[in-house]
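# Per-entry structural report
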Amino acid sequence: MDGGFRLALLLLVLPLCTPLVIRVNGTQLVDGAGAPVVLRGVNEDSGAENCGKYSRVFDSEDSTLLSGLLSWRVNAVRLTLNENCWLGINGMSVPAAVYKRAFAGRVNTLTAAGIVVMLDLQLAAPGSLPVLGSGTKGLAKMPDQDHAPDFWRDVASTFKNNSGVMFYLFNEPYALDNDAGWACWRDGGQACDGQFPFQVAGMQSLVNVIRAEAGANNVIVIDGVEVANSLTRFAEYLPQDPLKQIVASMHMYKGQVNANPAYWDAVVSGLAQKLPVIAGEFGQQDCGTDFSVEFMAWMDSHGLSYLAWTWNVWPCSIPALIADLSGTPLNGTGSALYHRLTNL
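Small disclaimer: the values here were computed from a predicted structure and weren't measured. (Residues numbered from 1 in each chain as written. Predicted model: local features only at pLDDT ≥ 70, side-chain atom pairs only at ≥ 80, totals over all residues. Heavy atoms only, no water.)

### A word on the state of the cysteines
A complete count under the given rule lists three disulfides for this structure. Put simply, Cys-51 and Cys-85 are joined by a disulfide, and their sulfur atoms are 2.0 Å apart. Between Cys-51 and Cys-85 the disulfide shows an S-S torsion of about 95 degrees. By sign, it is right-handed. One end of the pair, Cys-51, is in the loop between α2 (46-49) and α3 (62-72); the other, Cys-85, is in helix α4 (residues 83-87), with 34 residues separating them in the sequence. Note on accessibility: Cys-51 and Cys-85 belong to one class, buried. (Disulfide = S-S within 2.5 Å. Helix = DSSP H or I, 4+ residues; strand = E, 2+ residues; numbered from the N terminus. Buried < 20%, exposed > 50% of the residue type's maximum accessible area, 1.4 Å probe, protein only.)

### A short note on the nonpolar core
One finds Phe-103, Leu-119, Trp-152, Phe-167, Trp-185 and Leu-337 to be the most contacted residues of the largest nonpolar core, which totals 90 residues. A per-element tally of this core places helix α6 (residues 148-159) first, with six residues. Beyond its immediate stretch of four places on either side in the chain, Trp-152 contacts Leu-119, Leu-121, Ser-157, Phe-167, Tyr-168, Leu-169, Leu-206, Val-209 and Ile-210. In this structure, Ile-22, Leu-29, Ala-76 and Val-247 belong to the second largest nonpolar core, which totals 14 residues. (Core = buried A, V, L, I, M, F, W, Y, C linked by side-chain atoms within 4.5 Å. Contact = heavy atoms within 4.5 Å.)

### Some words on the side chain of Glu-49
Topologically, Glu-49 is positioned in helix α2. Separated by 2.8 Å, the side chains of Glu-49 and Ser-134 make a polar contact. Glu-49 has contacts with Leu-123, Leu-132, Gly-133, Ser-134 and Trp-314, leaving out every residue within four places of it along the chain. (Polar contact = N/O pair within 3.5 Å; in protein donor to acceptor, adjacent residues only side chain to side chain.)

### A short note on α3
For α3, the complete set of buried residues consists of Asp-62, Leu-65, Leu-66, Gly-68, Leu-69 and Trp-72. Along α3, the residues classed as buried sweep out an arc of 165 degrees about the axis, all on the same side. (Arc of directions from axis to C-beta.)

### So, the sheet that holds strand β9 (residues 277-283)
On the basis of which strands lie adjacent, the closed barrel formed by eight strands has the order β3-β4-β5-β6-β7-β8-β9-β10 and parallel pairing. Direction aside, the axes of adjacent strands within the sheet are offset by 30 degrees on average. With four bridges connecting them, strand β7 (residues 220-223) and strand β8 (residues 246-253) associate as parallel partners. Within β8, the residue paired with Asp-223 across the bridge is Ser-249. With respect to the sheet, helix α12 (residues 333-341) is in contact with β3 (40-44), β9 and β10 (305-308), its orientation differing from that of β10 by roughly 140 degrees. (Pairing = 2+ DSSP bridges. Axes fitted to C-alpha atoms, helices over the stretch in contact; angles between N-to-C directions.)

### Let's talk about the side chain of Gln-122
Mapped onto the elements of the fold, Gln-122 is located in strand β5 (residues 116-123). Setting aside anything within four residues of it in sequence, one finds Gln-122 in contact with Asp-45, Ala-48, Arg-78, Thr-80, Leu-81, Asn-171, Glu-281 and Trp-309.

### Section: the environment of Asp-144
Among the secondary structure elements, Asp-144 is positioned in the loop between β5 and α6. In this structure, the C-alpha to C-alpha distance between Asp-144 and Ala-125, residues 19 residues apart in sequence, is 6.6 Å. Here His-147 takes part through its backbone nitrogen, which lies 2.9 Å from a polar atom of the side chain of Asp-144.

### Things to note about the pattern of salt bridges
Enumeration over the complete set of coordinates arrives at 17 salt bridges. One salt bridge connects Lys-254 with Asp-286, and the closest N-O pair in it is separated by 2.7 Å. Taken together, the positions of Lys-254 in the loop between β8 and α10 (261-271) and Asp-286 in the loop between β9 and α11 (290-301) put the pair 32 residues apart, joining distant regions of the chain. Lys-254 gets classed as partly exposed once you look at its relative accessible area, which sits at 37%. (Salt bridge = Lys/Arg side-chain N within 4 Å of Asp/Glu carboxyl O.)

Structure representation (structure tokens):
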């Protein structure tokens, strides 16, 4: 039986199965039956990057992506979004209706195949600044009050009936790891005075939008401060969620100040005794494997979830994971992740 026929058969059968469910139960992620789940997966970044400057949303067809992910035994994908493209503002190349339809199709394809999807607000900007890609000058380093609440109101309303979707509030907040920084991170508004040149929407306000305004019950994932490298005071400033469905996320790259076992033992393991902790991104930019192997081993030994950056055909120094869209592992983090997932 050839690979294409196997994939087609799988997609015909899977929608008949029990819908994918991911929830928080105390300190663990669990499935619909209440069994603990460890998510091991990848990021896919074309959805945020392409729509501002090209006439396409993704780099690959949904079926190509799914086939590659299944060959790696991935069970979670973080899809990055562009705030402008979703809302249809500031002159993006892809119309909002086309953008939303592409994401709806991709999310449905992945979750029907048993792969949890995290929808991440990756690229954003206040006011009328066009967000053309990650190289755009003036990108928001915190959620912007101008657009982020509208973004999450609509995204959450769109996907609230898919229990395999998690909402990832904002990529890599730049707030500092101090009293003022954490207060700004949680509360936004006046708590951010003097820290950012635009009105910040705090994480608490975005949780409120998702719960009270969109009526969504999905799990919410929130990055820590210092571009997600610090979770030191996450529990102290944890936004209130009436459903208690919040997950803490960190990003760990070789060479960062907290990318070491001493920090993980002192801070991450302690936080993981209070709520679920994941690594929304990790990797190394020297095309080696030493840090990635060490980090995955530590996370696995603590039963914590992790997603590597990134499932795009870019250099291993990004760090990217694949050499082609079919999923051939690239040297570095890609080869390390592929070997670990296919040998569990």
